[in-house]
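So the chains spell out like this:
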Amino acid sequence: MSRQEITIGLFGFGVVGKGLWDVLEQTPGLKANIRKICVKNHDKPRPISTDHFTFEKNDLLDDKSINVIVELIDDPEAAFEIVTKAMQNGKGVVSANKKMIADHLEELLEMQKKYEVPFLYEASCCASIPIIRNLEEYYDNDLLVSLEGIVNGSTNYILTRTSEDKISYEQALQLAREKGYVESNPALDVEGFDAKYKLIILLLHAFGIVEQPENIFNLGIQRLGALELRLAAEKGYKIKLIALARKLENDKVIAFVMPQFVNPASRFYTVDDVFNGVQTETSFADKQFFIGRGAGAFPTASAVLSDISALSYNYRYEYKKMSQESLSLSNDFSIEVFVRFQHKDEVPTSDFISITEKYRSADGHYIVGRIGFDKMIKCSWAQNPGVSILLTPAFNAEPYLHKEQDALKSEGVGIRIQDTKSFG
Ligand code: HSE
C-alpha cells in the first residue's frame, strides 16, 4: 500500500505537543515532519528554537504544503474553530480534545462527510490504549454487549496515592498536576466530566450512538469522604471511577460515570496509578481487557503518532456501528448503590426499591439498596454535594419497569430491609 508523506501543522506545545515533538524525533521511519507550531502564549519560554513557532493560526491553516493539522490545545471552542477551518481547507485532522469532540460530535461527523477529510482522535480516549480503532475495526460483526472502564488517569492516580501513601487529596492532585495528568481545569477530571466526554466518544464507536454530554449522568470522586474510604479499607475494596455503557436485554443502552467499590475479583482492582483499563464484552468473544497508561506526555503522544501514521495510509473511521444498529440510551434501569449522607432523614428509604443495609453513626449514615436510576438522578438529595453515591461491587444494572415495581411498593412488599452490614 502506498504511503503519503505527512506535513504537519501543530497547534499547541504543552505536555502532549512537546511529547509529540520528541516522539517524532525518535521515529525516523515515519515520513512525517512538523512544518510549524502555532502557540498562544508569547512570553512562555520554549524548549526548542523559536523559529518553529508562530502565533498566527492561518500560517498553518492556509499553508498548502501542510496536509495534516494536529490539534493539541486546551481550549475546546478555539480547537473546534481550528478543526472546522482545517477540514474546510481539505486537511486531515488529528485531535486529542475529548471535550471538543464530545460537545460537537454531530457537526464533526457531518463535516467529515461534507469535506471528505479524515478526522482521527485515538488520543482523546485512554491515551495509550488503542481502544477507538479496536472498537471501530475489530468489534464489527461480533457486536458489543458492554464496555466498562477506568478512563481517567488523574483521578485513578489520586485515588491510588491517597489510599496507598496516605497523602491528602490536595497533595495527590498536586503530584498529578506536576506529572501533566490533570486538565487545566481539574474539576473536569475530579467531577467525572472528562470520563464522560470519553464515554461519549466510545459510545459512538461501540454502539453507533451520538449523545449530548448533558444527557449522560456523571459523578466524580469529589464527594468521597472518610466514611466510605474507611469502609473500603475495612472490606478490602478499592474505589475506582468507572465509565460504563451496556446494552440491556430490552436492547436499550445505559451509560453513566460513577465511582464504584471494586473487590479483588474485579479486573479493575489492580488498575492503579495513572493506568486506565477497559473491559469489553461481546456475544461470542466474552470478556476482554485492555490496560495501559491513561495520561501523560508520551503515552498520549504515542496515540497521536499512531493516528498520524494511519493518515499516511489514508485511514479514516467509517463509523460502522451507526449503520448496523439503531440503539438509543435509556435511564430506565435500576442499580444497587451505597449512599452516604450527613443528616438522619436526608435520604428517604421510600426512594429505594429494596434496601440491604442501613447504618447510622455520629460520623455519617449510609444506605445500601437498589434504586431506579432515573429516580435517583432526579432526587434532590442526589444533587447535594454532601451526599456521596457509589456503585456497589455487584451493582447489577437491570431494566426497571417503573409501573410494576411501584405497584409492588404500594403493596408493601417492594422494600426489604436487612441489617447485614455486608454489602457487595
Ligand atoms: N486529564 C486526563 C486524564 C488526561 O486524567 O485522564 C488524559 O485524557
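Residues numbered from 1 in each chain as written. Predicted model: local features only at pLDDT ≥ 70, side-chain atom pairs only at ≥ 80, totals over all residues. Heavy atoms only, no water.

Looking at the overall build of the chain
Let me state the cut-off plainly: Labels follow the DSSP assignment, with helices taken as runs of H or I lasting at least four residues and strands as runs of E lasting at least two, numbered in each case from the N terminus. Only the C-alpha atoms count toward the radius of gyration. The rule for a globule is 2.2 Å times the residue count to the power 0.38. With a 1.4 Å probe rolled over the protein chains alone, any residue whose accessible area is under 20% of its type maximum counts as buried; one over 50% counts as exposed, and the rest are partly exposed.
When helices and strands are counted, the chain shows 16 helices and 17 strands. For 424 residues, the compact-globule estimate of 2.2 N^0.38 gives 22 Å, and the C-alpha radius of gyration of the chain, at 23 Å, lies within 12% of that figure. Dimensions of the chain, computed from the C-alpha atoms along their principal axes, are close to 75 × 45 × 35 Å. Here the chain holds 424 residues, and 56% of them are scored as buried.

Description of the environment of Asp 251
Inspection of the secondary structure assignment puts Asp 251 in the loop between strand 9 (238-247) and strand 10 (253-262). Sequence separation between Asp 251 and Leu 329 is 78 residues; the distance between their C-alpha atoms is 9.4 Å.

Topic: the side chain of Thr 160
Rules: Any pair of N or O atoms that falls within 3.5 Å is considered a polar contact. Within protein, one atom must be able to donate a hydrogen and the other to accept it, and sequence-neighbouring residues count only if both atoms are side-chain atoms. Pairs of residues are marked as contacts when any of their non-hydrogen atoms sit within 4.5 Å.
In this fold, Thr 160 is placed in helix 7 (residues 153-164). Among the polar contacts made by the side chain of Thr 160, one reaches the main-chain carbonyl oxygen of Asn 156 at a distance of 2.6 Å. In this structure Thr 160 touches Asp 165, Lys 240, Asp 272 and Asp 273, once residues within four positions along its chain are discounted.

A few points about the site of the ligand
The line we're drawing: The near set for a molecule or strand comprises every residue that places at least one heavy atom within 4 Å of it. Values of accessible area rely on a 1.4 Å probe in the Shrake-Rupley scheme; residue burial ignores everything except the protein chains shown.
Lining the immediate surroundings of the ligand are Lys 98, Asn 152, Gly 153, Ser 154, Tyr 181, Glu 183, Asp 189, Asp 194, Lys 198, Gly 294 and Ala 295. The side chain of Ser 154 places a nitrogen or oxygen atom 2.7 Å from an oxygen atom of the ligand. In the model, a nitrogen atom of the ligand is placed 2.7 Å from a nitrogen or oxygen of the Tyr 181 main chain. In isolation the ligand offers 260 Å² of accessible surface; the protein chains occlude 93% of this area. Of all the secondary-structure elements, those providing two or more residues to the shell around the ligand are helix 7 and helix 10 (193-207).

Things to note about the sheet that holds strand 2 (residues 32-38)
Rule in force here: By definition, two strands form a pair when at least two bridges between them are found by DSSP. What counts as an axis is a line fitted to C-alpha atoms, over the stretch in contact for a helix, and the angles between N-to-C directions run from 0 to 180 degrees.
Strand order in the open sheet formed by six strands is 3-2-1-4-5-6, and the pairing between neighbours is parallel. Here the strands that pair on one side only, and so sit at the sheet edges, are strand 3 (53-54) and strand 6 (119-120). As paired elements, strand 4 (residues 68-71) and strand 5 (residues 92-95) share four bridges and run parallel to each other. Pairing of Val 70 across the sheet is with Val 94, part of strand 5. Helix 3 (residues 76-88) contacts strand 1 (6-11), strand 4, strand 5 and strand 6 of the sheet and is inclined by roughly 170° relative to strand 4.

Structural notes on the packing of aromatic side chains
Ring pairs (aromatic) are described by centroid distance and by the angle formed between their planes. Where we set the bar: Side-chain rings of Phe, Tyr and Trp (the six-membered ring for Trp) are treated as a pair once their centres are within 6.5 Å; stacked means planes under 30 degrees apart, edge-to-face means over 60, and tilted covers the remaining angles. Whether a charge sits over a ring depends on NZ of Lys or CZ of Arg being within 6 Å of the ring centre and within 35 degrees of the ring normal.
This model, assessed by the stated rule, comprises 19 aromatic pairs. With centroids separated by 6.0 Å and ring planes inclined at 85°, the aromatic side chains of Tyr 315 and Tyr 317 adopt a geometry described as edge-to-face. Exposure class is identical for Tyr 315 and Tyr 317. Each is buried. Joined through ring pairs, the aromatic side chains of Phe 119, Tyr 121, Tyr 315, Tyr 317 and Tyr 319 make up one cluster. Above the face of the Phe 53 ring, Arg 46 is positioned so that its terminal group lies 5.4 Å from the ring centre. Lying across the ring of Tyr 269, Lys 238 places its NZ or CZ 4.4 Å from the centre.

Remarks on the domain arrangement of the chain
Put simply, the test is: Where each domain starts and ends follows an automatic or database-derived domain assignment.
Once the domains are mapped, the chain shows domain 1 (6-124), domain 2 (131-292) and domain 3 (333-410). Using only C-alpha atoms to locate each centre, domain 1 and domain 3 end up separated by 45 Å.

Describing the pairing of strand 16 (residues 388-391)
Burial of the side chains of strand 16 extends over both faces: Ser 388 and Leu 390 are buried on one face and Ile 389 and Leu 391 on the other. Relative to strand 16, strand 13 (residues 333-341) runs antiparallel, the two sharing four bridges. From the neighbouring strand, Val 337 faces strand 16, where its bridge partner is Leu 391.

What to know about the pattern of salt bridges
Note the following rule: Salt bridge criterion: a side-chain nitrogen from Lys or Arg within 4 Å of a carboxyl oxygen from Asp or Glu.
Applying the stated criterion to the full structure yields 22 salt bridges. For Lys 85, the salt bridge goes to Asp 62, with nearest N and O atoms at 3.4 Å. Of this pair, Lys 85 sits in helix 3 while Asp 62 sits in the loop between helix 2 (58-61) and strand 4, placing them 23 residues apart in sequence. Judged by relative accessible area, Lys 85 falls into the partly exposed class, the value being 26%. Using a relative accessible area of 43% as the deciding quantity, one classes Asp 62 as partly exposed. Here Lys 98 and Glu 183 are joined by a salt bridge, their closest N and O atoms 2.8 Å apart. Note that Lys 98 is positioned in helix 4 (residues 98-103) and Glu 183 in the loop between helix 8 (169-178) and helix 9 (187-190), a separation of 85 residues in sequence. There is no split in this pair, since Lys 98 and Glu 183 are both buried. Three or more residues are tied together by salt bridges with common partners; here these are Lys 98, Glu 183, Asp 194 and Lys 198.

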